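# Examination of the molecular architecture
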Amino acid sequence: NSKTQLYWDIFLFIAIIYSAFEIPFSYIFQYENKFFYWLNIVVNFVFLYDLGYRIYINIYRKELTRGENYFKTWFWIDFLAALPFEILALFVSHLI
């Protein structure tokens, strides 16, 4: 299980590095590419999955005090970071 956690953390680190470089470049150079658009959506869902995974680890594995601490601290930062703003903007634009 620790190897799986290590691989997941490495994958998540790569997704974070990708986001840290791609998002500013896309805003600076104003390019539109469907591949990167969908890749960003996939990365957002990876972050959402990780949020659920962290909740599972902290609560359902009987580590309730750690889970309570997670909800008081890092949960809200992770939640805001994992929100797929592209999908929310697309949804809101169709409502207006």
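Described below are features of the structure shown in this document. The residue count restarts for each chain, going from 1 along the sequence in the order it is written. Residue-level local features of this predicted model are given only where pLDDT is at least 70; pairs of side-chain atoms are given and counted only at 80 or more, and the full residue set underlies all totals for whole chains, interfaces and linings. Where side-chain values are given, they derive from all heavy atoms of the structure, hydrogens and water being excluded.

## Points about the overall build of the protein chain
For the record, the criterion: Comment: elements are numbered from the N terminus, with helices defined as DSSP H or I runs of at least four residues and strands as E runs of at least two. Only protein chains enter the accessibility calculation, which uses a 1.4 Å probe; a residue whose area is less than 20% of its type maximum is buried, one above 50% is exposed, and one in between is partly exposed. Only heavy atoms enter the contact rule, under which two residues are in contact if any of them lie within 4.5 Å. Note on areas: Shrake-Rupley with a 1.4 Å probe; residue coverage comes only from the protein chains shown.
When its secondary structure is counted, the protein chain shows five helices and zero strands. Moving toward the C terminus, one meets the helices and strands of the protein chain in the order α-α-α-α-α. A total of 96 residues make up the protein chain; the buried ones form 25% of that total. Within the protein chain, contacts between residues separated by at least 24 positions form 65% of all contacts whose residues are at least 6 apart in sequence. For the protein chain, the accessible surface area stands at approximately 7,700 Å², while carbon and sulfur atoms represent 73% of it.

## Quick word on the packing of helix H2 (residues 34-60) against helix H4 (residues 74-82)
Angle between the axes and distance between the axes: these two values describe a pair of packed helices. Just so we agree on the cut-off: Between N-to-C directions, angles cover 0 to 180 degrees, with each direction set by a line fitted to C-alpha atoms, over the stretch in contact for helices. Note that the term roughly parallel is reserved for angles under 35 degrees, roughly antiparallel for angles over 145, roughly perpendicular for angles of 65 to 115, and oblique for everything else. If you view the pair so one helix is near and one far, a crossing is left-handed when the near helix is turned anticlockwise from the far one by less than a right angle, and right-handed when it is turned clockwise. Each residue is assigned to one class: nonpolar for Ala, Val, Leu, Ile, Met, Phe, Trp, Tyr, Cys and Pro, charged for Asp, Glu, Lys and Arg, and polar for all the others, Gly among them.
At a minimum axis distance of 9 Å, the contact between H2 and H4 shows a crossing angle of 155 degrees. If you check the angle between H2 and H4, you find them roughly antiparallel. In this structure, H2 crosses over H4, and the sense of that crossing is left-handed. Contacts between H2 and H4 involve Asn44, Phe47, Leu48, Leu51 and Ile55 from the first element and Phe75, Asp78, Phe79, Ala81 and Ala82 from the second. Across the contact of H2 with H4, the residue classes break down as eight nonpolar, one polar and one charged.

## A few points about the environment of Phe79
With respect to the element layout, Phe79 can be found in helix H4. Classification of Phe79 by relative accessible area gives partly exposed; the value is 31%. Residues Phe79 and Gly52, spaced 27 residues apart in sequence, show a C-alpha to C-alpha distance of 9.7 Å.

## Notes on the packing of aromatic side chains
The condition is simple: Pairing of aromatic side chains here covers Phe, Tyr and the six-membered ring of Trp, requires ring centres within 6.5 Å, and sorts the geometry by plane angle: under 30 degrees stacked, over 60 edge-to-face, intermediate tilted.
Using the criterion set out here, one finds 10 aromatic pairs in the structure. Relative to Tyr49, the ring of Trp8 has its centre 5.4 Å away and its plane inclined at 75 degrees; by these criteria the two rings are edge-to-face. You can see Trp8 sitting in helix H1 (residues 2-29) and its partner Tyr49 sitting in helix H2, a full 41 residues away along the chain. For Trp8, a relative accessible area of 17% puts it in the buried group. Of the residues examined, Tyr49 reaches a relative accessible area of 52% and is grouped as exposed. Centre to centre, the rings of Tyr37 and Trp38 are 5.4 Å apart; their planes meet at 85 degrees, and the pair counts as edge-to-face. By relative accessible area, Trp38 is classed as exposed at 52%.

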